[in-house]
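# A look at the structure
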Amino acid sequence: MLSININKTLHGSSGEMDLDINIKIKEHDFVALTGESGSGKTTLLRTLAGLDDAKGKILLGNDVWLDSKINLAVQKRQIGFVFQDYALFENMNVEENLLFINKDKDLASKLLNITELSALKKRAVTTLSGGQKQRISLCRALMNRPKLLLMDEPLSALDPKMREKLQNEILILHKEFKTTTIMVSHDPSEIYKLSNRVIVLNKGKVINDGSPKDVLLKTTGSAKFSFEGKLLEIIKADVIYIAVISIGQQIVEVAVSQEEMKNLTIGNTVNLSTKAFTPNIK
Amino acid sequence: MSYITAKVTHIDTFENINIVQFISNEHSLSMMSLSVSDKINLGTKVRLAVKPTHIAIAKNITGSLSYSNQLDSTITDIQNGKLLSSVMLKCNDIDFESIITLNSSIRMNLKVGDNVIALIKASDLSIDEIIDV
């Protein structure tokens, strides 16, 4: 069990904010940490890693990482950290990056096998693609067999295909190494696929905490098929209207009656929903 | 959306499917749903919603229909376009709208003041919000 009860004042772009977190995370859980930027997600990860200090207590099982007397150093916390920008040692080759953490060559080759990077182990990291760099960063984070794996938006810089591949590898490694994992992510499909618990932060506080389905299924009333979008245009068509709405990277059209149209304002964020019985799947 | 205020009178559940019964001004209504919020119980007052394009209209019907929701209504206004017809309906105190094809509207000779039955499938009725627990 990882017990976190910390308090810290942050100086964000929108003024001072209290990061005030009191949560317990079960061993081997995969927790997705999400919320708007500036909500304290990265600070929470850095505090867990020992890169930032805070008031309060952090306990992993019976080991004290932080309390009023102790503030355990980063290297003594049994953590692995994966950053968004890889943070590899650029003067070293792939294998050296891993062995720098721990001289265990067997473990290094096992990790490179799982991530299909064995053929590249002598390559300079500067010659690799973003996806390859992040896999090395992930392998390196596991070289000291961490109890806690922390990942700060590890896949956000990668294209969708590479993202999906790495999601699978992250899941394999999480299970193989039996880590407790906390990952910052904004991608609902990624959160749903990887995590068994989602914690949503807003302005330094936990505002939602539950299973991915409970947290991510944005239901209003009994509608199960629900999205937020932006109303771009309303086009008159006979006695009804067509509302053009952007959702993510897509544009959709919805037929609305004159009565329904009266409450709509172009440019506003709208909730688009229908019942689970209506959509077609092909 | 057309809205109907109603009170939950019965919930049948089987394998994640629910049939929720409501009463609204003596009219009973029925909704098909996947999981229902645990805030919705017997006696809960809700606002039901249905898309105007999901409301059919019947006149002088005989025989039986599978529509779970059949509301005796009066036509209060009709706006005919080139292809579609927007029919405003009143059932007791509830105003709602049906969008049908102009052909149907003409074929049925729909006029303001006509007594008709508004038909809504249980799967097209949804809970928009909980008004009162």
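Residues numbered from 1 in each chain as written. Chains lettered and ligands numbered in written order. Predicted model: local features only at pLDDT ≥ 70, side-chain atom pairs only at ≥ 80, totals over all residues.

## A closer look at the overall build of chain B
Selection criterion: Helix and strand definitions follow DSSP, with helices as H or I runs of at least four residues and strands as E runs of at least two, each counted in order from the N terminus. Restricting the calculation to C-alpha atoms gives the radius of gyration, and the globule rule supplies 2.2 Å times the number of residues raised to the power 0.38. Exposure criterion: with C-beta atoms placed from backbone coordinates, a residue whose C-beta has 20 or more other C-beta atoms within 10 Å is buried, one with 12 or fewer is exposed, and one in between is partly exposed. The contact criterion used is a C-beta to C-beta distance within 7 Å, with each C-beta placed from the backbone.
Secondary structure summary: chain B contains one helix and ten strands in total. In chain B, the order of α-helices and β-strands from amino to carboxyl end is β-β-β-β-β-β-β-β-α-β-β. A globule of 133 residues ought to have a C-alpha radius of gyration of about 14 Å, and chain B, at 15 Å, matches this closely. Here the C-alpha coordinates of chain B stretch approximately 45 × 25 × 25 Å along the principal axes. Within chain B, the proportion of its 133 residues that are buried is 33%. Summarising the internal contacts of chain B: among those between residues at least 6 apart in sequence, 64% fall at separations of at least 24.

## As for the interface of chain A and chain B
This is how the line gets drawn: Think of it as three bins: nonpolar holds Ala, Val, Leu, Ile, Met, Phe, Trp, Tyr, Cys and Pro, charged holds Asp, Glu, Lys and Arg, and polar takes everything else, Gly as well.
At the junction of the two partners, chain A supplies 15 residues and chain B supplies 21 residues. For the side of chain A that touches chain B, the secondary structure elements donating two or more residues are β13 (250-257) and α8 (258-261) of chain A. Ranked by residues supplied to the side of chain A that touches chain B, first place goes to α8 of chain A with three residues. Class assignment of the residues belonging to the side of chain A that touches chain B gives a composition of six nonpolar, four polar and five charged.

## Some words on the sheet that holds strand β10 (residues 126-132) of chain B
All names here are of chain B. Stated precisely, the cut-off is as follows: A strand pair is defined by DSSP finding two or more bridges across the two strands. To define axes, lines are fitted to C-alpha atoms, for helices over the stretch in contact only, and angles between the resulting N-to-C directions are given on a 0 to 180 degree scale.
Taking strand neighbours across the sheet as the criterion, the five strands line up as β3-β2-β1-β4-β10 in an open arrangement whose pairing is antiparallel. Here the strands that pair on one side only, and so sit at the sheet edges, are β3 (27-33) and β10. Neighbour to neighbour, the strand axes of the sheet diverge by 40° on average, direction disregarded. Bridging between strand β4 (residues 45-50) and β10 involves five bridges; their strand directions are antiparallel. Considered in β10, the bridge of Lys45 is made with Asp132.

## Some details on the pairing of strand β8 (residues 180-184) of chain A
Residue and element names in this part refer to chain A. In terms of burial, β8 is largely enclosed, as five of its five residues are buried. Burial along β8 is two-sided: Thr180, Ile182 and Val184 facing one way and Thr181 and Met183 facing the other are all buried. Bridge analysis of strand β3 (residues 30-35) against β8 gives four bridges, and the strand direction is parallel. Its bridge partner lying in β8, Val31 is registered against Ile182. The sheet contact formed by strand β7 (residues 148-152) and β8 spans five bridges and is parallel. If you follow Asp152 over to β8, its bridge partner there is Val184.

## Some remarks on the environment of Asp104 of chain A
In this fold, Asp104 of chain A is placed in the loop between α2 (94-99) and α3 (105-114). By the C-beta count within 10 Å, which is 15 here, Asp104 of chain A ends up partly exposed.

## Topic: the domain arrangement of chain A
The cut-off we apply is this: These domain boundaries are the output of an automatic or database domain assignment.
Partitioning chain A into domains gives domain 1 (2-216) and domain 2 (225-274). Here the C-alpha centre of domain 2 of chain A lies 39 Å away from the C-alpha centre of domain 1 of chain A.

## Quick word on the sheet that holds strand β2 (residues 15-25) of chain A
All names here are of chain A. Taking strand neighbours across the sheet as the criterion, the four strands line up as β2-β1-β4-β5 in an open arrangement whose pairing is antiparallel. Looking at the sheet topology across the chains shown, the edges are occupied by β2 and β5 (63-66). Averaged over neighbouring strand pairs, the angle between their axes works out to 25° when direction is ignored. Across three bridges, strand β4 (residues 55-60) lies against β5 in antiparallel orientation. Pairing of Leu59 across the sheet is with Val64, part of β5. The sheet strands contacting helix α1 (residues 41-49) are β1 (2-12), β2 and β4, and the helix crosses β1 at an angle near 125°.

## A look at unusual backbone geometry
All names here are of chain A. Of note in the backbone geometry, Tyr86 takes a positive phi value of approximately 70° without being a glycine. Mapped onto the secondary structure, Tyr86 falls in the loop between β6 (79-82) and α2. In this structure Tyr86 comes out as buried when scored by C-beta crowding, with 21 C-beta atoms within 10 Å. At Ala87, a residue that is not glycine, the phi angle is positive and equals roughly 50°. Within the secondary structure, Ala87 sits in the loop between β6 and α2. Among the residues examined, Ala87 registers 13 C-beta atoms within 10 Å and is labelled partly exposed.

## Section: the nonpolar core
The following threshold applies: By convention the nonpolar core is taken to be a set of buried residues drawn from Ala, Val, Leu, Ile, Met, Phe, Trp, Tyr and Cys and joined through C-beta atoms within 7 Å.
Counting 48 residues, the largest nonpolar core has Leu33 and Leu150 of chain A as the members making the most contacts within it. Apart from the residues lying within four places of it in its own chain, the contact partners of Leu150 of chain A are Leu45, Leu48, Ala49, Ile79, Gly80, Phe81 and Ile182 of chain A. Of all hydrophobic cores here, the second largest spans 26 residues; its members include Val8, Val46, Leu48 and Ile127 of chain B.

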